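So you can see what is in the structure, the chains are spelled out below.
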Amino acid sequence: MHFRFCRDVVVFALLDSFLTRIKWPSTTTGMRKVVLSAGVSLDGYIARPDGAVDFLFMPRDYSMADFFATIDTAIMGRKTLEVGLRMGGGSLPRSNMPRYVFSNSQPAGERDGVIFVNESPVSFIDRLRQRGGKDIWLMGGGELARAFLNADLVDRLYLGVVPVLLGEGIPLFPSGFPQRDFMLMENKTYSEGLIALTYERSSTRRRRKS
């Protein structure tokens, strides 16, 4: 049986009972990493042109429990939030995890279970890292991922690649950011062709100029 999910918002909803049982620690050792995690087609799309994600699936032998144990904060763009609200019938699942939404159209502040942000990704991530905690989940979508990559803020990629070529759709990596080098850290294969890839930002070229 497959569990359909919309970008990673629906994964968030499916694992909400797991998330709410966790008591998140206030501090951890080392700098908090920004982890871009998403389900994606072979040709790099997170959704069809109309936003449909019927091609994405999660097989029985695949779990994101280990990933969720490493994070305590989620970040998304306004469009990704709107998709999640539509999928959830107008609301997001309750969670103890802070969820920040980058938006140029909504005033900053906390309401309806999320915290709206209007500042730059650089200043925002600097503030989060000063507080301490676990890693930070960058949920997407593509436009927000581009902004974070442009600012060289993405430390890790965790991608669930499904064996489908869409030919067109909404890309995870829209054009418009400089080259960023990553190293493959882990490659796991699951049933029905799903591959989970983990990449770390290359420290030797971290400050590559655009």
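Before reading on, note that the structure itself is shown above.
What counts and what doesn't
Residues numbered from 1 in each chain as written. Predicted model: local features only at pLDDT ≥ 70, side-chain atom pairs only at ≥ 80, totals over all residues. Heavy atoms only, no water. Helix = DSSP H or I, 4+ residues; strand = E, 2+ residues; numbered from the N terminus. Buried < 20%, exposed > 50% of the residue type's maximum accessible area, 1.4 Å probe, protein only. Contact = heavy atoms within 4.5 Å. Areas by Shrake-Rupley, 256 points an atom, 1.4 Å probe, with all protein chains shown as cover. Salt bridge = Lys/Arg side-chain N within 4 Å of Asp/Glu carboxyl O. Polar contact = N/O pair within 3.5 Å; in protein donor to acceptor, adjacent residues only side chain to side chain. Core = buried A, V, L, I, M, F, W, Y, C linked by side-chain atoms within 4.5 Å.

Peer 1: Requested: an account of the overall build of the protein chain, with residues and values cited.
Peer 2: The number of helices and strands found in the protein chain is six helices and eleven strands. Taken over 210 residues, the protein chain has a buried fraction of 47%. Across the protein chain, every contact between residues at least 6 apart in sequence was considered, and the portion connecting residues at least 24 apart equals 77%. Here the protein chain displays about 10,600 Å² of accessible surface, and carbon together with sulfur accounts for 51% of that area.

Peer 1: Explain unusual backbone geometry to me, using residue names and the numbers behind them.
Peer 2: The residue after Gly-140, namely Gly-141, is reached through a cis peptide bond having omega 10 degrees. One non-glycine residue, Asp-152, adopts positive backbone phi at about 55 degrees. One can find Asp-152 in the loop between helix H6 (142–150) and strand E8 (156–162). Exposure remark for Asp-152: the relative accessible area of 7% places this residue in the buried category. Even without a glycine there, the phi angle at Glu-192 is positive, about 65 degrees.

Peer 1: Please give an account of the pattern of salt bridges that cites residues and values.
Peer 2: What the rule picks out here adds up to eleven salt bridges. A salt bridge links Arg-180 to Asp-152; the shortest N-O distance between them is 4.0 Å. Taken together, the residues span a long stretch of sequence, with Arg-180 in the loop between strand E9 (170–171) and strand E10 (182–189) and Asp-152 in the loop between H6 and E8 at a distance of 28 residues. We classify Arg-180 as buried; its relative accessible area is 14%.

Peer 1: Outline the side chain of Asp-155, supporting the account with residue identities and numerical values.
Peer 2: Mapped onto the secondary structure, Asp-155 falls in the loop between H6 and E8. Within the structure, the side chain of Asp-155 is placed 2.6 Å from the side chain of Arg-129, a separation counted as a polar contact.

Peer 1: Outline the nonpolar core, supporting the account with residue identities and numerical values.
Peer 2: Counting residues in hydrophobic clusters, the biggest one holds 28 residues, and the most contacted among them are Tyr-62, Met-64, Phe-67, Trp-137 and Tyr-158. Tallying contributions element by element places strand E3 (residues 71–77) first for this core, with three residues. Core analysis: the next-biggest nonpolar cluster, separate from the first, contains 25 residues, Ile-136, Leu-138, Leu-144 and Leu-172 among them.

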